[in-house]
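Architecture and fold: a report
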Amino acid sequence: MNAELVLFWLFAVGTIGSAVGVIFVRNPVASAMSLVASFFFLAGIYVLLWAHTIAVLQVLVYAGAIMVLFLFVIMLLSLTDTGPIAHVSPSRIAGALATAGLLVALVMAFRKLPSSDTVSWASDAGQLATFGTIKQLGAVLYTQWLFPFEAVSLLLLVAIVGAVVVAKARV
Amino acid sequence: MPVVPTVNYLILAAALFCVGMLGVLIRRNALVVFMCIELMLNAANLTFLAFARERGDVTGHISPFFIIAVAAAEAAVGLAIVISVFRNRGTVNIEEIQSMKH
């Protein structure tokens, strides 16, 4: 059992464990902290996938900015959550069954994929050294994907204005 | 060079997506439902990155980049809606917010 496999299982169990914690913890602040833990474990998984740039973005943007926004809103509303986290109702039971069915179907479908024990292109040391670096990512982003990149900046601007307009008491 | 097979990452992504989906379907708190949507988006990111490594194609890293940016926009607007609903109704329980149900 090599180190990569050990790390994979460590991060995988951490990710799923803290994701389950998000659902089954009553206090919303505890839910949010559990989600932060899940994002950190997931960043570790991204590093194992040789996606270092995305792993850093994950920690900066998700675990940093977005979760601070969540915690800010939770504390602003000062929610007092009483009662069970979910009432048992026919629609909820149907939802849980549908989720379990989807998981079983996906796992069975993935098990049928042709197995590839090695990533064949990785024997090329030159390609491996540059894969997923911020230099290579930037070269692709600013040439091939320049228009979507600019469109996303516009989307963020619209979201800023929209959030202010929606959250304001009187416009 | 032995590496963890891609199918392990795909099954992890499927499990993460299903945990998020379960949370969206059973939780009553709108904020926790939002957090579970973030979990589902991350499952999609993980699938993109797994196939990017499988194929050696860095284009698979571009999609998670855009997904993270869109998730930030979605969180900002969604939380503004939650604040607005809380101001008008005094609750974020999605069982009590059903004026558009009929």
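Residues numbered from 1 in each chain as written. Chains lettered and ligands numbered in written order. Predicted model: local features only at pLDDT ≥ 70, side-chain atom pairs only at ≥ 80, totals over all residues. Heavy atoms only, no water.

Let's shift gears to the overall build of chain B. The helix and strand tally for chain B stands at 3 helices and 0 strands. Scanning chain B from its N terminus toward the C terminus, one meets helices and strands in the order α-α-α. Relative to a compact globule of 102 residues, whose C-alpha radius of gyration would be 13 Å, chain B shows 17 Å and is clearly more extended. With the C-alpha coordinates of chain B rotated into their principal frame, the extents come out at 60 × 25 × 20 Å. Per-residue burial over chain B gives 61% buried out of 102 residues. Partitioning the contacts of chain B with sequence separation of at least 6, the portion at a separation of at least 24 is 54%. Of the accessible surface of chain B, which amounts to about 3800 Å², a share of 66% is contributed by carbon and sulfur atoms. Side chains of chain B carry 7 positive and 6 negative charges; the gap between the two charge centres is 7 Å. (Helix = DSSP H or I, 4+ residues; strand = E, 2+ residues; numbered from the N terminus. Rg over C-alpha atoms; globule rule 2.2 N^0.38 Å. Buried < 20%, exposed > 50% of the residue type's maximum accessible area, 1.4 Å probe, protein only. Contact = heavy atoms within 4.5 Å. Areas by Shrake-Rupley, 256 points an atom, 1.4 Å probe, with all protein chains shown as cover. Lys, Arg positive; Asp, Glu negative; His and termini not counted. Charge placed at Lys NZ, Arg CZ, Asp CG, Glu CD.)

Residues and elements named next belong to chain A. Parsing chain A into structural domains produces domain 1 (1-81) and domain 2 (127-171). Contacts between the two partners involve 5 residues from domain 1, matched on the other side by 6 residues from domain 2. Taken over both partners, the interface formed by domain 1 and domain 2 buries close to 390 Å², and the fraction arising from carbon and sulfur atoms is 67%. Counting every contact that joins domain 1 to domain 2 gives 0 salt bridges. Our count for the contact surface shared by domain 1 and domain 2 stands at 2 residue pairs in polar contact (both at pLDDT 80 or more). Classifying every residue of the side of domain 1 that touches domain 2 by side-chain character gives 3 nonpolar, 2 polar and no charged. (Domains from an automatic or database assignment. Buried area = accessible area lost by both parts, 1.4 Å probe. Salt bridge = Lys/Arg side-chain N within 4 Å of Asp/Glu carboxyl O. Polar contact = N/O pair within 3.5 Å; in protein donor to acceptor, adjacent residues only side chain to side chain. Nonpolar A, V, L, I, M, F, W, Y, C, P; charged D, E, K, R; others polar.)

In this structure, Q58 of chain A sits in helix 3 (residues 52-77). The exposure class assigned to Q58 of chain A is buried, which follows from its relative accessible area of 0%. Excluding residues within four positions of it along the chain, Q58 of chain A makes contact with F39, L42, A43, Y46 and A63 of chain A together with N42 and I68 of chain B.

The next point concerns the interface of chain B and chain A. Accessible area lost when the parts come together is the quantity often used to give the size of an interface. The partner chain A presents 85 residues to the 70 residues of chain B that form the contact. At the surface where chain B touches chain A, the tally comes to 2 salt bridges. Between E4 of chain A and R53 of chain B there is a salt bridge, with the nearest N and O atoms lying 3.7 Å from each other. At the boundary of chain B and chain A, one finds 8 residue pairs in polar contact (both at pLDDT 80 or more). Put simply, the parts of the chain that give the side of chain B that touches chain A at least two residues each are helix 1 (6-26), helix 2 (30-55) and helix 3 (62-89) of chain B. Ranked by the residues each element gives to the side of chain B that touches chain A, the list is headed by helix 3 of chain B, at 21 residues.

Moving on, we come to the packing of aromatic side chains. Aromatic ring pairs are defined here through the distance separating the ring centres and the angle between the ring planes. The full count for this structure, using the stated rule, is 8 aromatic pairs over all chains. Ring centres 6.0 Å apart and planes at 25 degrees place the aromatic pair F149 of chain A and F65 of chain B in the stacked group. Here F149 of chain A, found in helix 7 (residues 146-167), pairs with F65 of chain B, found in helix 3, and the two come from separate chains. Among the aromatic residues, ring-to-ring pairing joins Y142, W145 and F149 of chain A together with F65 and F66 of chain B into one connected group. Here the basic side chain of R53 of chain B rests over the ring of W50 of chain A, its NZ or CZ set 5.4 Å away from the ring centre. (Phe/Tyr/Trp six-rings, centres within 6.5 Å; stacked < 30°, edge-to-face > 60°. Lys NZ or Arg CZ within 6 Å of the ring centre and 35° of its normal.)

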